[in-house]
Structure formats: structure tokens, C-alpha cells
Amino acid sequence: MINYFINSKYRYLALAFFVLLMFAPTIVLAADPSPPAPGSTLEQRVAQRKQEQQVVLDETQTKRVQKQCKAAQVRLGTVIKDITKLSDNRYNTYRNVDGATLISIGKLKIATKDTFALQQGRDDFAKQVTQFEATIAQYKQAIEDASLMNCEADPVGFMAMIVTARSYNNMLSTQSKSINAVVTDKIKPQLETFSKELQQ
């Protein structure tokens, strides 16, 4: 009765690692980024990331970033397009999963089944998806900012934005795994159990 699908082989949204490797000696342990204020300008977001990440460049590193960052920005423009495509696919998958779960809950209620635990799983799923969507929006914003800012005039700001993007990328990987765990460990087993009961 209940058909349920989710792609378990996640394709994590990865920042262009060539950028990170290019500037690897300058990257320090990243601080957890905070969402920028609504309506903030590019300059305000760069200042925020510089304050958060506290990137320090020596003279050699500064010149290296200034020399290579323009080429990196061109590549980041391509990354933004890839992220948009992948995020759209992920949104559709998550919405399909939520829709299938909601329909199943409705059918199970008609069959007088106790769907409390299943509804809890769906609520947890929806909450985590909302967090994922907020993170990916900030991830895209950080990459767009890195691609648009005057990186030659502000190499520290550019590196702070790159480090911020990497932090968001790591957060997306963790959140994606957590969402998968909710489906695999909470929602899918419930649906399979109900399916067996209804077939008896």
C-alpha cells in the first residue's frame, strides 16, 4: 500500500576545493558563522565575516591571494550555478518525501492506525529540512559575496568569506546526514511496519 522513496546516496554540495587548496596555508580553524542581518550590504557581510573568522595573512600570503583571487572568483561563478541546480534537486526530493509521508499518515488515520510516532518523525524531518534550507541560503550568499567583492583590495575579507563558505559546506554535510537518518531510522521503519499490518 505504502510506497516510499528517498535517495540515500546524497551528493553533498561542495565548495570548489581548488579554491581552498589554492589558499590552504592561509586558512585557520573556522568559527561558526552567524546569519547576516536581513538587508545587509556586501560590505557589511564582508566586515562581519572578517570579525568572525579573524583571518591573518602575512605579506607573502597577501600577495598570493591578490594575484590568484580574480581567477578564483571566475570559477566561483560556476560553483554558484552548480549549487543552485543541486539545491533545487534536493528541495524537490525533500518535498516529495514530506508529501508522501503526509499522504501515508492520512491513509493510516482512515485505517484507524496510531500515527503519533510517524507524525513526530515527520515533524523532526520538516524541522531539519528548514534548517538545511536556511544553511544552504547562507552558503550560496557567502560564495556569491566572495565572487563579487573586491578581492584584490581586501584579501583578508576574501579569505574570511571563503572560510565562511567552507564552514557552511561542512554544516550542510552534517545536516544532510541527519535528515537521512530521520528518514532511515524513524519514518521508513514506521511505514514498513504499517504496510505489513495492513497486508495481513
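Presented here is an overview of the structure given in this document. (Residues numbered from 1 in each chain as written. Predicted model: local features only at pLDDT ≥ 70, side-chain atom pairs only at ≥ 80, totals over all residues. Heavy atoms only, no water.)

1. Digging into the overall build of the protein
What the protein contains, in helices and strands, is five helices and zero strands. Its helices and strands taken in sequence order, the protein reads α-α-α-α-α from the N to the C terminus. Put simply, the protein has 200 residues, and 44% of those count as buried. Accessible area for the protein stands at about 10,900 Å²; split by element, carbon and sulfur atoms hold 53% of it. (Helix = DSSP H or I, 4+ residues; strand = E, 2+ residues; numbered from the N terminus. Buried < 20%, exposed > 50% of the residue type's maximum accessible area, 1.4 Å probe, protein only. Areas by Shrake-Rupley, 256 points an atom, 1.4 Å probe, with all protein chains shown as cover.)

2. Some remarks on the environment of Gly99
Looking at the secondary structure, you find Gly99 in helix H3 (residues 59-110). The exposure class of Gly99 is partly exposed, given its relative accessible area of 26%. Along the primary structure Gly99 and Arg122 are separated by 23 residues, whereas in three dimensions their C-alpha atoms are 9.9 Å apart.

3. Re the nonpolar core
Counting residues in hydrophobic clusters, the biggest one holds 41 residues, and the most contacted among them are Leu118, Phe125, Tyr139, Ile143, Phe158 and Met159. Of all the elements in the fold, those that place two or more residues in this core are H3, helix H4 (116-148) and helix H5 (155-199). Ranked by the residues each element gives to this core, the list is headed by H5, at 15 residues. Residues contacting Phe125, with those up to four places away along its chain left out, are Tyr94, Val97, Asp98, Ile179, Val182, Val183 and Ile187. (Core = buried A, V, L, I, M, F, W, Y, C linked by side-chain atoms within 4.5 Å. Contact = heavy atoms within 4.5 Å.)

4. Considerations on unusual backbone geometry
Positive phi is not limited to glycine here, since Gln54 has a value of about 50°. The residue Gln54 is located in the loop between helix H2 (42-53) and H3 in this model.

5. Describing the state of the cysteines
Tallying each qualifying case throughout the model produces one disulfide. For Cys69, the disulfide goes to Cys151, at an S-S distance of 2.1 Å. Here the S-S torsion is close to 75°, and the disulfide linking Cys69 with Cys151 is therefore right-handed. Pair noted here: Cys69 is in helix H3 and Cys151 is in the loop between H4 and H5, with a separation of 82 residues, a long-range link. (Disulfide = S-S within 2.5 Å.)

6. Topic: the packing of H3 against H4
Look at H3 against H4: their axes get within 10 Å of each other, and the N-to-C directions meet at 170°. On the basis of the axis angle, H3 is roughly antiparallel to H4. Of the residues belonging to the contact of H3 with H4, the class tally is 19 nonpolar, six polar and seven charged. (Axes fitted to C-alpha atoms, helices over the stretch in contact; angles between N-to-C directions. Parallel < 35°, antiparallel > 145°, perpendicular 65-115°, else oblique. Nonpolar A, V, L, I, M, F, W, Y, C, P; charged D, E, K, R; others polar.)

7. Description of the pattern of salt bridges
Tallying each qualifying case throughout the model produces seven salt bridges. Here Arg45 and Asp145 are joined by a salt bridge, their closest N and O atoms 2.6 Å apart. Taken together, the residues span a long stretch of sequence, with Arg45 in helix H2 and Asp145 in helix H4 at a distance of 100 residues. Looking at Arg45, the relative accessible area reads 13%, which means it is buried. Lys63 is the salt-bridge partner of Glu59, the closest N and O atoms lying 3.3 Å from each other. Separated by four residues within a single helix, Glu59 and Lys63 lie in helix H3, roughly one turn from each other. Accessibility expressed as a relative area gives 58% for Glu59, which makes it exposed. (Salt bridge = Lys/Arg side-chain N within 4 Å of Asp/Glu carboxyl O.)

8. Focus on the environment of Cys151
The class for Cys151 is buried, based on a relative accessible area of 0%. On a C-alpha basis, the gap between Cys151 and Gln73 in space is 8.6 Å, while along the polypeptide they are 78 residues apart. Apart from residues no more than four positions distant in its own chain, Cys151 is found in contact with Cys69, Lys70, Gln73 and Phe158.

9. Quick notes on the packing of aromatic side chains
Going through the model one piece at a time under the given rule, you end up with two aromatic pairs. Taken together, a centroid distance of 5.9 Å and an interplanar angle of 90° make the contact between Tyr94 and Phe125 edge-to-face. With Tyr94 in helix H3 and Phe125 in helix H4, the pair connects residues that are 31 residues apart, well separated along the chain. For the pair Tyr94 and Phe125, one class covers both residues: buried. Here the aromatic rings of Tyr94 and Phe132 are separated by 5.6 Å at their centres, their planes lie at 85°, and the arrangement is edge-to-face. (Phe/Tyr/Trp six-rings, centres within 6.5 Å; stacked < 30°, edge-to-face > 60°.)

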